Amino acid sequence: MNTKVELQENKMGTMPVMKLIINMSLPIMISMLLTAFYNIVDSYFVAKISQDAFTAVSLAFPIQNLMISFAVGTSIGVNSFLAKRLGQKNQEDVNRSAMNGILLAVLNYILFLLFGLFFIKTYVSSQTPVETIIKYGIEYLSIIIFWSFGIMCQCMFDRLLQATGKTFFSMISQLSGAIFNIIFDPILIFGLGPFKAMGIKGAAYATVFGQVLGLIVSVYLNLRNNKEIQFKIKNLIPKWEIIKNIYKVGIPSILMNSITSFITYFMNLILGQFSMTAINVYGAFIKMNSFVFMPVFGLNSGIIPIIAYNYGAQHKERIKKTIKGGLLAAFAIMTVGVLAFELIPGILFRLFSADEEMLKIGIPAFRTIAPSFLGAAFAITLSSVFQAFGRALYSMTVSFSRQLVVFLPSAYLLSKTGNVNNVWFCFLIAEIMSVGVSFIFYQRIKSKIQKLPDNI
């Protein structure tokens, strides 16, 4: 039987809601925005090596995203469960869920390490016959996977800070890794000062060493400042009931995010029928897209524990205000993204050393895709609401329907027109569907909110 220990009321149950959303989300948004920025910087310098090197990094993206999906999905499960137990003042489950989460992060690393040891060459060569690209891809991915314990564990420790409302400290951890990456990218790629030129390997090392630094900072900040969690080695022993609850939210989230890797892999195959340049356009879109979407994901990382905490504490009005505030902020961010993609696509492509062929394909692509961002604002925000209520299956259903049932088939069918410009309409078609399905699921969550007591 769980022992309940009285904890002091957390700010998630007392601070004015809009102020709380800003307080919780802004540090995460800043850190994720910088993460998106260093991804663009990374691609900028890799493109300076050659277009083949840039293509290799684009082909490596599905595996990198898959690793992040496992890291984020598992930690979201821990975040949601821990925040809810915090709202219920259950100290024992708070401690055990944190330590079990750390154990799961290590196991995820081992899983990908095994993949890296046996399947990298098969994976890269399945997307291109070009030997130079294959060579670059193997070099880059081998380093990324071997050192991936950094991203796996940093993500978990950062989410522990977020789950208890200490998002400022998680921002510090992520900023430290991102700044390291930005500084050392050109140094290790081109060889500056005492460092020798390492080419694409340098880009990989700058990334993973930044992640390891972020992990070290995050562990330190947790041990020093996260007093609401007691980090005890004995709680590393798996508690299956807690792991089941973690993955009740975590597995749908992993699957939901992993589908992006699957889609990207097959989009590379579809676009490769036109040219390697079309793949590079899609790779550039993914990088620039993250610059718009990462702040929204950061926003929603902040509101998940707010909603989960207040659901556990039965604070009805605070839940409703949090959802409304999250939607408004997401739409504001996405509107900025739409304007940038519509008005200055050529400038954005210059960041990737784009030639005339890349501009010819890329500019209309960006302008076609941009309006779908507004639908994504609605769907992404409601996805976080579903997760906070322990209904991540709703999020997974929306994502799977969007990507597998609509997005990929429509991209394939549109490619059969023989015009690469038509392929990009699959984004708009898929987003219309995701908005509709998200709205239907939200009606179920809304009825659950309405049943909460009006006065606590």
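Residues numbered from 1 in each chain as written. Predicted model: local features only at pLDDT ≥ 70, side-chain atom pairs only at ≥ 80, totals over all residues. Heavy atoms only, no water.

**Q** Which parts of the structure should I look at to understand the overall build of the protein?
**A** The helix and strand tally for the protein stands at 17 helices and zero strands. Relative to a compact globule of 456 residues, whose C-alpha radius of gyration would be 23 Å, the protein shows 22 Å and is just as compact. With respect to the principal axes defined by its C-alpha atoms, the protein has extents near 65 × 50 × 35 Å. Expressed as a percentage of the 456 residues in the protein, the buried residues total 61%. Long-range contacts, defined as pairs at least 24 residues apart, comprise 83% of the intrachain contacts of the protein with a sequence gap of at least 6. Accessible area for the protein stands at about 18,300 Å²; split by element, carbon and sulfur atoms hold 68% of it. (Helix = DSSP H or I, 4+ residues; strand = E, 2+ residues; numbered from the N terminus. Rg over C-alpha atoms; globule rule 2.2 N^0.38 Å. Buried < 20%, exposed > 50% of the residue type's maximum accessible area, 1.4 Å probe, protein only. Contact = heavy atoms within 4.5 Å. Areas by Shrake-Rupley, 256 points an atom, 1.4 Å probe, with all protein chains shown as cover.)

**Q** Whenever I open this one, the layout of surface pockets confuses me. Can you help?
**A** The gaps left among the atoms become clear once a water-sized probe is rolled over them. Within this model, the largest pocket holds a volume of roughly 240 Å³. Lining the largest pocket are S80, F81, K84, R85, N245, K248, V249, Y311, A388, F389, G390 and R391. Listing elements by their share of the lining of the largest pocket, those giving two or more residues are α2 (51-87) and α9 (240-272). With four residues, α2 is the largest single contributor of residues to the lining of the largest pocket. Its residues placed into classes, the lining of the largest pocket shows five nonpolar, three polar and four charged. Counted as a void, the second largest pocket has a volume near 180 Å³. Taken together, L33, M288, F291, V292, P295, I333, V336, G337, A340, F341 and L348 make up the lining of the second largest pocket. When residues of the lining of the second largest pocket are traced back to their parent elements, those giving at least two are α10 (276-312) and α11 (316-343). (1 Å grid on protein atoms, 1.4 Å probe; cavity = no way out; pocket = protein on both sides within 12 Å on 5 of 7 lines; lining within 4 Å. Points joined across faces, edges and corners; volume = space filled by probe spheres on them. Nonpolar A, V, L, I, M, F, W, Y, C, P; charged D, E, K, R; others polar.)

**Q** Is there a simple way to think about a nonpolar patch on the surface in this case?
**A** Side chains of V106, L107, I110, L114, L117, F118 and F119 sit close together on the surface and give an oily, nonpolar patch of about 690 Å² of accessible area. For L114, the location among the structural elements is in helix α3 (residues 91-118). For L114, a relative accessible area of 45% gives the class partly exposed. (Patch = residues over 30% accessible without salt bridge, like charges linked within 9 Å, V, L, I, M, F, W, Y side chains within 5 Å. Salt bridge = Lys/Arg side-chain N within 4 Å of Asp/Glu carboxyl O.)

**Q** What should I look at first to understand the environment of Q273 in this one?
**A** Within the fold, Q273 resides in the loop between α9 and α10. Under the relative-accessibility criterion, Q273 is labelled exposed at 53%. Taking C-alpha positions, Q273 is 8.9 Å from S415, a pair spaced 142 residues apart along the chain.

**Q** Please explain α9 as it appears in this structure.
**A** For an α-helix the count is 3.6 residues per turn, leaving residues at separations of three or four pointing the same way. Here α9 spans 44 Å end to end across 33 residues, near enough to the 48 Å set by a 1.5 Å rise per residue. Along its length, α9 reaches its greatest deviation from straightness, about 40°, at Y247. (Expected span 1.5 Å × (residues − 1). Bend = angle between axes of the 7 residues up to and from the residue.)

**Q** Explain the environment of I304 to me, please; I cannot follow it from the model alone.
**A** With respect to the secondary-structure elements, I304 resides in helix α10. Since its relative accessible area comes to 4%, I304 is described here as buried. Sequence separation of I304 and T322 is 18 residues, and the distance between their C-alpha atoms is 9.4 Å. Apart from residues no more than four positions distant in its own chain, I304 is found in contact with S384, Q387 and A388.

**Q** How should the packing of aromatic side chains be read in this particular structure?
**A** Aromatic ring pairs are defined here through the distance separating the ring centres and the angle between the ring planes. Enumeration over the complete set of coordinates arrives at 30 aromatic pairs. On the basis of an interplanar angle of 75° and a centroid distance of 5.2 Å, the ring pair of Y44 and F45 is categorised as edge-to-face. On the numbers, 5.9 Å between centres and 90° between planes, the contact of F184 with F195 is edge-to-face. Pair noted here: F184 is in helix α7 (residues 167-190) and F195 is in the loop between α7 and α8 (200-225), with a separation of 11 residues, a long-range link. Owing to a relative accessible area of 37%, F195 belongs among the partly exposed residues under this scheme. A connected cluster of aromatic rings, assembled from ring pairs, spans Y282, F285, F293, F297, F341, F349, F366, F373, F407 and F427. (Phe/Tyr/Trp six-rings, centres within 6.5 Å; stacked < 30°, edge-to-face > 60°.)

**Q** When you look at the state of the cysteines in this model, what are you seeing that I'm missing?
**A** In a disulfide, the sulfur atoms of two cysteines are held together by a covalent bond. In this structure the tally under the stated criterion is zero disulfides. C155 supplies the cysteine sulfur nearest to C153, a cysteine that is in no disulfide, at a spacing of 9.9 Å. Taking the relative accessible area as the measure of exposure, C153 reaches 11% and is therefore buried. (Disulfide = S-S within 2.5 Å.)

**Q** Can you walk me through the side chain of S395 in this structure?
**A** Examined against the element boundaries, S395 turns out to sit in helix α15 (residues 392-415). Leave out the neighbours within four places in its chain, and S395 touches M256, S383, F386 and Q387.

**Q** Would you mind going over α10 with me for this structure?
**A** Here α10 contains 37 residues, and its C-alpha end-to-end distance of 51 Å stays within 8% of the 54 Å for a straight helix at 1.5 Å per residue. Within α10, the axis deviates most sharply at F291, by approximately 40°, and proline P295 lies no more than four positions further along. In terms of residue burial, α10 counts as a mostly covered element, since 34 of its 37 residues are buried. Looking one or two residues past α10, Q314 carries a phi angle of roughly 65°, positive in sign.

**Q** Help me understand the packing of helix α14 (residues 372-388) against helix α17 (residues 426-450) in this model?
**A** When two helices pack together, their arrangement is given by the angle between their axes and by how far apart the axes lie. At a minimum axis separation of 9 Å, α14 and α17 run at an interaxial angle of 30°. Between α14 and α17 the crossing geometry is left-handed. Mapping the contact onto sequence places S372, G375, A376, F378, A379, L382, V385 and F386 in α14 and F427, L428, E431, S434, V435, S438, F439, F441, Y442 and I445 in α17. Here the residues of the contact of α14 with α17 sort into 13 nonpolar, four polar and one charged. (Axes fitted to C-alpha atoms, helices over the stretch in contact; angles between N-to-C directions. Left-handed = near helix turned anticlockwise from the far one by under 90°.)

**Q** Please clarify how the nonpolar core should be interpreted in this entry.
**A** If you look at soluble globular proteins, the nonpolar side chains tend to sit buried side by side. The biggest cluster of nonpolar side chains holds 144 residues, and the ones touching the most others in it are M267 and W424. Residue contributions to this core peak at 19 residues, all from α10. Apart from the residues lying within four places of it in its own chain, the contact partners of M267 are Y282, F407, L408, A411 and V423. Counting five residues, the second largest nonpolar core, distinct from the first, contains L34, Y38, M171 and L175. (Core = buried A, V, L, I, M, F, W, Y, C linked by side-chain atoms within 4.5 Å.)

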